[in-house]
Amino acid sequence: MTTPALIVVGADKGGVGKTTLSRVLIDYLQTQGIAVRAFDAEFPRGTLKRFHPDLTDVIDLTQTSDQMKILDTLQDAGAKVSVVDIRAGRLGPTLKTWDEIGFLEAVRDRVFTFALFHVLGPSISSLDEITSVAPLVANSFYLTVKNHINDTTFFEWNPTAYESYFSGVKSAGDISIPKLDELAYEQVELAAVPFSRFVENRNAANEPANHSFVLRGHVRNWMRQISAELDRVKLLDIVGSKKPKKGAVAA
Amino acid sequence: MNEGTGLRGRATFIYICCSREARVGNTLTARLLLDYFLSSRDRAIGFETDIIHPALSRLFPELCSAADLSAARGQSILFDRLIVADGVTKVVDLWHAHLDLFLRLISDFDFHAEVVQNRVQPILLLHKDDRERFREGYLALRKALPTAHIVMVHNRGVLAHEVAGPRTNAFSEIVINSLSKELRFALEATRWLGFRLIVRTPASTITPLEVLARSELRPIHTQLEQLRLKLDLVHAGVGPSPDKSRPARTRPRGPGER
C-alpha cells in the first residue's frame, strides 16, 4: 500500500489565492487519475466546496473532531491524496497543533507524506510568513507559491530584498502561478464548476454548457502553465511517495 | 448567405483579411467583401481589430464590431462569434499590428481544432507586399491554420509592380486594380454599395460614379464570384481542391447528388 498524502494549501495572509490553488491542485491530480478528497476550512461557509461539492467537506480546524476527520482517516479514506484548504490566519496554529499531536513526527517516519503549498502574495507581510512557517515543516515537502494575482514581481527587482526572503529557505521548490484574466476568473466563479469542467464546456451538472470559447481558452492556457509548474516540482513523485528525485527534495 | 443554391450552407466561411505590413489594402479588401455579400443579399457580418481607427464599424455599426484583441473582452467579441457555424459569413479586417497576437491567440485557444470540429472554414486573404516578411507571414499562417484556404491578394493601387512572392499552394489569387479616387472615397467614407450596380438591373439613368463603379468593380466582382463558387464546389465535394494540402472531398455524396 502506498503512503497516503496530505497536501495543505495555506497562508496566514488572506486574499493570496489559497482556494484558487486548491482548486487547481484537485483538477491536476484528478486529471492524472489520482483519487482525491478535499477539506475546506472556510468554516462554516465553505468556498472550495462550491466548486468541488462531491469530494469536499467543510471543517472547522479549531475543533478536535474536525482535525480527526482529516488525520485519522488518511489511511483508509479511499483517496490517495487529501487536499486541505486552510483559511487565512490558521496555518501557523494548525501546524503547531499537528506537531503537538505527533502528526509531523509520523511524517518524519514516512507514515504519511505531507506537502505544504505556502501561498505568498506580493507583500512584505506575506513574505514574512516564510521565516515562521518553514521551520515547522522541516521534514515535509515545503513549496512556496508565488501567486501573481497582479503585475507585481515579489521584489525580484531588488536582489537584496528578494534573497533575504527566499535564499535561506530549504524547500522542495517554488512555483509561480500566472495571473488569470479577470473576466475568465469571474466566469468560472459564476459557473461554480471546477476549472477543468469549465474548459470542457460543461456545467455543474456535467451537462454541455455555453461558456465562452475565448474564456475557456484563457483558463486552459493558464492551467497548462500551472501544470507545467507542478510537473517541474514533480508533484506526482511527491504524492506517490517515491524516493524524491533531483528538484523535489524534502527539506 | 446560404439562401439560393443548395450548395451553400454546408460550411460557414470566415474571410480573414491580413497582412504583415501596413497600407497594403487590407481594409479595402474587407470593405469590398462586405459590399459583395451585402449586395448579394447574403447574411454577413464584419469585425475589425484596429480600435484606434475603426473603418468598418464606423460605416456599418449594425453589422460590424471593433474588437480589441489585447483584452479578453475584445477577443471574446471576435473569436466567440467566429467559431459558430451559423451560416453567417464573417469578414475580419485584421490589423497588421495584430497579426502576431492573432497567431498566438489561435494557438492558445486551440482555434484550429474548434473550427474544424464546427465545420467553419477560414479563408485567409493574405495581402502581398514587397518585403521579405511576406513569406514569413505566409508560413506562419499556414502553420497556425493548416486547413485554412489561403488567398493571395495583390492590390495594384498600393503595389503597382509584380511581386514574385513565395512559392505557395494558395487556394486562389485576387488582383485588385487601382481604383479611381472618387470610387475609393465612396467605399471608404460612405455606406454606398458598389457591387449592387453589378448584381442588379441598372436604372435608366446612372451617375458618373456608377459608371466608374461598373468598369472598375466588375473585375473584382468576377473574382469574388469565382472564389465563392470555388469554395462552394470544394466544400460540397464536387470540385477538385487546388490546395494540395487538403483533400478535395470533405464528405461523401448524398442521395441524388451528382
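Nothing here was measured: the structure is a model prediction, and the numbers come from that model.

Parameters and conventions
- Residues numbered from 1 in each chain as written.
- Chains lettered and ligands numbered in written order.
- Predicted model: local features only at pLDDT ≥ 70, side-chain atom pairs only at ≥ 80, totals over all residues.
- Helix = DSSP H or I, 4+ residues; strand = E, 2+ residues; numbered from the N terminus.
- Rg over C-alpha atoms; globule rule 2.2 N^0.38 Å.
- Buried ≥ 20, exposed ≤ 12 C-beta atoms within 10 Å, placed from the backbone.
- Pairing = 2+ DSSP bridges.
- Axes fitted to C-alpha atoms, helices over the stretch in contact; angles between N-to-C directions.
- Core = buried A, V, L, I, M, F, W, Y, C linked by C-beta atoms within 7 Å.
- Contact = placed C-beta atoms within 7 Å.
- pLDDT = per-residue confidence, 0-100.

**Describing the overall build of chain A**
- Counting its regular elements, chain A contains 11 helices and seven strands.
- Taking 251 residues into account, the globule formula puts the C-alpha radius of gyration at 18 Å, and chain A, at 17 Å, falls close to it.
- Each of the three principal axes of chain A carries a C-alpha extent, and together these read 50 × 45 × 35 Å.
- Burial status across chain A gives 43% buried among its 251 residues.

**A few points about the environment of glycine 33 of chain A**
Residue and element names in this part refer to chain A.
- The residue glycine 33 is located in the loop between helix H1 (18-31) and strand S2 (36-40) in this model.
- The class of glycine 33 is exposed, set by 7 C-beta atoms lying within 10 Å.
- Linking glycine 33 and phenylalanine 213, residues 180 residues apart in sequence, is a C-alpha distance of 26 Å.

**Regarding the sheet that holds strand S7 (residues 173-177) of chain A**
All names here are of chain A.
- One open sheet accounts for seven strands, arranged S3-S2-S4-S1-S5-S6-S7; its pairing is parallel. Looking at strand neighbours, the two that pair on one side only are strand S3 (56-58) and S7, the edges of this open sheet. On average, adjacent strands in this sheet sit at an angle of 20° to one another, irrespective of strand direction.
- By the bridge criterion, five bridges tie S2 to strand S4 (residues 81-85) in an arrangement that is parallel. When the bridges of S4 are listed, arginine 37 appears paired with serine 82.

**Structural notes on the nonpolar core**
- Ranked by size, the top nonpolar core spans 131 residues in total, and within it Ile7 and Leu143 of chain A together with Tyr15, Ile16, Leu124, Leu125 and Val151 of chain B carry the most contacts.
- In contact with isoleucine 16 of chain B, other than residues within four places in its own chain, are Val92, Leu94, Pro122, Ile123, Leu124 and Leu125 of chain B.

**Quick notes on the sheet that holds strand S6 (residues 149-155) of chain B**
Residues and elements named next belong to chain B.
- One open sheet accounts for seven strands, arranged S3-S2-S4-S1-S5-S6-S7; its pairing is parallel. Across the chains shown, the open sheet's two edge strands, defined by having one partner strand only, are strand S3 (64-66) and strand S7 (172-176). Direction aside, the axes of adjacent strands within the sheet are offset by 20° on average.
- In this structure, strand S1 (residues 12-18) lies alongside strand S5 (residues 120-127), joined through seven bridges in parallel fashion.

**Description of the interface of chain A and chain B**
- The partner chain B presents 11 residues to the 10 residues of chain A that form the contact.
- The greatest single-element share of the side of chain A that touches chain B, amounting to six residues, is contributed by helix H10 (residues 213-232) of chain A.

**With respect to the confidence of the model for chain B**
Residues and elements named next belong to chain B.
- Looking at chain B, the pLDDT average stands at 86 and 85% of residues meet or exceed 70.
- Confidence over residues 1-9 falls short of pLDDT 50; this stretch has 15 contacts with residues more than four positions distant or in other chains.
- In the predicted structure, residues 244-258 sits below a pLDDT of 50 and forms 14 contacts with residues beyond four places in sequence or in another chain.
- Scored as a whole, the predicted complex attains pTM 0.84, and scored at its interfaces, ipTM 0.80.

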